[in-house]
Amino acid sequence: MLATCDRRFRARFCLGLPGRETTRQIRAFLLECHLRKAARNSGEKEDEQIVAEIMRRRFFPALITHKAWEGFHFAGHEIRITEATDCYGAVVWPSALVLCYFLETNSKQYNLVDKNVIEIGAGTGLVSIVASLLGALVTATDLPELLGNLQHNVLQNTKLKCKHQPRVKELSWGIDLEKNFPRSSCHFDYIMAADVVYHHPFLDELLLTFDHLCKNDTVILWAMKFRLDKENQFVGRFQTLFDLEVISNFPSLNITLYKAMRKGRMKPRPSQLTV
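Since we're looking at a predicted model, the values are computed, not measured. (Residues numbered from 1 in each chain as written. Predicted model: local features only at pLDDT ≥ 70, side-chain atom pairs only at ≥ 80, totals over all residues. Heavy atoms only, no water.)

Participant: I keep staring at the overall build of the protein chain and nothing clicks. Help me out?
Facilitator: Helices and strands together make up the secondary structure of the protein chain, namely ten helices and ten strands. Per-residue burial for the protein chain yields a buried fraction of 50% across its 275 residues. Taking as baseline every contact in the protein chain between residues at least 6 positions apart, the subset at least 24 positions apart corresponds to 64%. Within the structure as shown, the protein chain displays about 13700 Å² of accessible surface, and the carbon and sulfur contribution to it stands at 54%. (Helix = DSSP H or I, 4+ residues; strand = E, 2+ residues; numbered from the N terminus. Buried < 20%, exposed > 50% of the residue type's maximum accessible area, 1.4 Å probe, protein only. Contact = heavy atoms within 4.5 Å. Areas by Shrake-Rupley, 256 points an atom, 1.4 Å probe, with all protein chains shown as cover.)

Listed below in structure tokens is the structure:
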């Protein structure tokens with residue numbers, strides 16, 4: 001598989017395309033190779049289904065454009081996401097696709113209509129856009145330097161299409177939380193997060209942010225890609241404050257989708273009820 005990808009890689013990208021577009025296409029191609037490899041190597045049917053679904057929902061511009069973008073089909077809409085190749089927070093990562101797929105395919109069990117939702121580390125805004133299209137009142141948050149692109153994507157893909165127009169707001173983890181999101185007036189039904197745990201020095205602040213935003217009845221939906229042990233240990237720290245339940249697990253992608261609530265607030269699934 002890797003040899004095949006290498007031959008295809010050299011065939012497709014030794015043509016001297018403009019730098020930024022080439023970078024985007026290379027990243028997309030490598031992700032495609034990774035997803036196809038995951039589908040072949042995994043014996044789990046759920047893995048194969050999610051990878052195939054991701055591939056069907058994702059598309060690229062037919063012609064080279066001056067701005068790098070990717071397209072997705074979710075919630076009955078075509079979504080175009082403008083990206084930047086020079087920032088981790090301005091690209092669409094696989095965990096976001098897993099979470100979007102879950103929101104769409106479980107819209108009855110997790111009905112977002114008129115629900116108050118906040119996404120932390122929203123990045124390009126894909127998850128926030130899909131939640132908005134599914135009827136939620138969404139606040140998409142990220143660092144100040146990402147808000148311009150985030151606002152562009154959110155506005156472009158939700159204007160006149162959603163029941164509630166989503167908001168874009170600055171949120172630097174752990175900083176001015178009570179000032180910007182006062183506990184007395186901010187109540188979120190859902191906190192959403194996709195790929196917020198990776199090699200960065202702000203894991204303490206991330207946990208503090210989850211703790212501040214989460215009320216007793218708030219549900220956290222968190223797509224986590226497992227990478228290095230140091231970052232993976234965050235899950236254990238997270239469980240000191242929250243009960244954690246695995247909704248879906250995709251070993252070939254190293255992604256787990258979690259549901260979490262404050263300690264003692266999680267209702268067991270019907271299959272887990274004791275008689």
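Participant: Is there a simple way to think about the pairing of strand β4 (residues 116-119) in this case?
Facilitator: A regular strand carries its side chains on alternate faces of the sheet. Bridge count for β4 against strand β5 (residues 137-142) is four bridges, and the pairing is parallel. Within the sheet, the bridge partner assigned to Val117 lies in β5 and is Val138. In terms of handedness, the path from β4 via helix α5 (residues 126-133) over to β5 forms a crossover that is right-handed. Relative to strand β7 (residues 190-194), β4 is paired through three bridges, and the arrangement is parallel. The partner of Val117 across the bridge, within β7, is Tyr190. (Pairing = 2+ DSSP bridges. Right-handed = clockwise from strand over helix to strand, strands pointing away.)

Participant: What should I look at first to understand the packing of helix α4 (residues 94-105) against α5 in this one?
Facilitator: The packing of two helices is summarised by the inter-axis angle and the distance between the axes. Here α4 crosses α5 at 10°, and the two axes come no closer than 9 Å. As far as their axial angle goes, α5 and α4 are roughly parallel. Contact with α4, carried on its side by Ala96, Leu97, Leu99, Cys100 and Leu103, involves Leu126, Val127 and Val130 of α5 and no other residues of that element. (Axes fitted to C-alpha atoms, helices over the stretch in contact; angles between N-to-C directions. Parallel < 35°, antiparallel > 145°, perpendicular 65-115°, else oblique.)

Participant: Help me understand the sheet that holds strand β3 (residues 77-82), please; the structure alone is not making it clear to me.
Facilitator: Sheet strands associate in pairs through backbone hydrogen bonding, adopting either a parallel or an antiparallel arrangement. Sheet architecture is open: three strands sit in the order β1-β2-β3, paired in antiparallel fashion. Two strands bound the open sheet, and with one partner strand each, they are β1 (58-59) and β3. Pairing geometry for β1 and strand β2 (residues 69-74), over two bridges, is antiparallel. The residue of β2 that forms the bridge with Phe59 is Gly71. Of the strands in this sheet, β2 and β3 are in contact with α5, which crosses β3 at around 155°.

Participant: Would you explain the nonpolar core in this entry?
Facilitator: Generally speaking, soluble globular proteins have nonpolar side chains that are buried together. Judged by nonpolar contacts, the single largest core of 46 residues is most densely connected at Leu99, Leu103, Leu112, Leu126, Met192 and Leu221. The element that contributes the greatest number of residues to this core is α4, accounting for seven residues. Judged by nonpolar contacts, the second largest core, of 27 residues, contains Leu203, Leu213, Trp222 and Met224. (Core = buried A, V, L, I, M, F, W, Y, C linked by side-chain atoms within 4.5 Å.)

Participant: In this structure, what is going on with the packing of aromatic side chains? I would like to understand it.
Facilitator: Two numbers describe a pair of aromatic rings. These are the distance of the centres and the angle of the planes. On inspection of all chains with the given rule, the structure shows ten aromatic pairs. Ring centres 5.3 Å apart and planes at 40° place the aromatic pair Trp222 and Tyr258 in the tilted group. With Trp222 in strand β8 (residues 219-225) and Tyr258 in strand β10 (residues 255-262), this pair connects stretches of sequence that are 36 residues apart. Ring geometry for Phe234 against Phe238: centres 6.2 Å apart, planes inclined by 45°, an arrangement best described as tilted. Within this pair, Phe234 and its partner Phe238 are both found in helix α10 (residues 234-238), separated by four residues, close to a single helical turn. The buried category is assigned to Phe238, whose relative accessible area is 0%. Just above the ring of Phe181 sits the side chain of Lys169; from NZ or CZ to the centre is 4.3 Å. (Phe/Tyr/Trp six-rings, centres within 6.5 Å; stacked < 30°, edge-to-face > 60°. Lys NZ or Arg CZ within 6 Å of the ring centre and 35° of its normal.)

Participant: Mind showing me how you'd approach the environment of Lys169 here?
Facilitator: By secondary structure assignment, the location of Lys169 is in strand β6 (residues 167-170). Looking at Lys169, the relative accessible area reads 24%, which means it is partly exposed. Contacts of Lys169, omitting those with residues within four sequence positions, involve Thr139, Ala140, Thr141, Asp142, Leu147, Asn180 and Phe181.

Participant: In this structure, what is going on with unusual backbone geometry? I would like to understand it.
Facilitator: Residue Asp114 is not a glycine yet carries a positive backbone phi of 65°. By the element assignment, Asp114 lies in the loop between α4 and β4. The class of Asp114 is partly exposed, set by a relative accessible area of 44%. Notably, Leu160 is not glycine yet its phi reads approximately 65°, a positive angle. Among the secondary structure elements, Leu160 is positioned in the loop between α6 (147-158) and β6.

Participant: Help me understand α6 in this model?
Facilitator: Each α-helix winds once per 3.6 residues, and so residues spaced three or four apart point in a common direction. Given a rise of 1.5 Å per residue, twelve residues ought to cover 16 Å, and the 16 Å separating the end C-alpha atoms of α6 matches this to within 8%. Listed as buried for α6 are Leu147, Leu150, Asn153, Val154, Asn157 and Thr158. Axial view of α6: buried residues confined to an arc of 130°, hence all on one face. Turning to α6, the residues buried within the fold contact β3, α5, β5 and β6. A positive backbone phi angle near 65° is found at Leu160, which sits one or two residues after α6. (Expected span 1.5 Å × (residues − 1). Arc of directions from axis to C-beta.)

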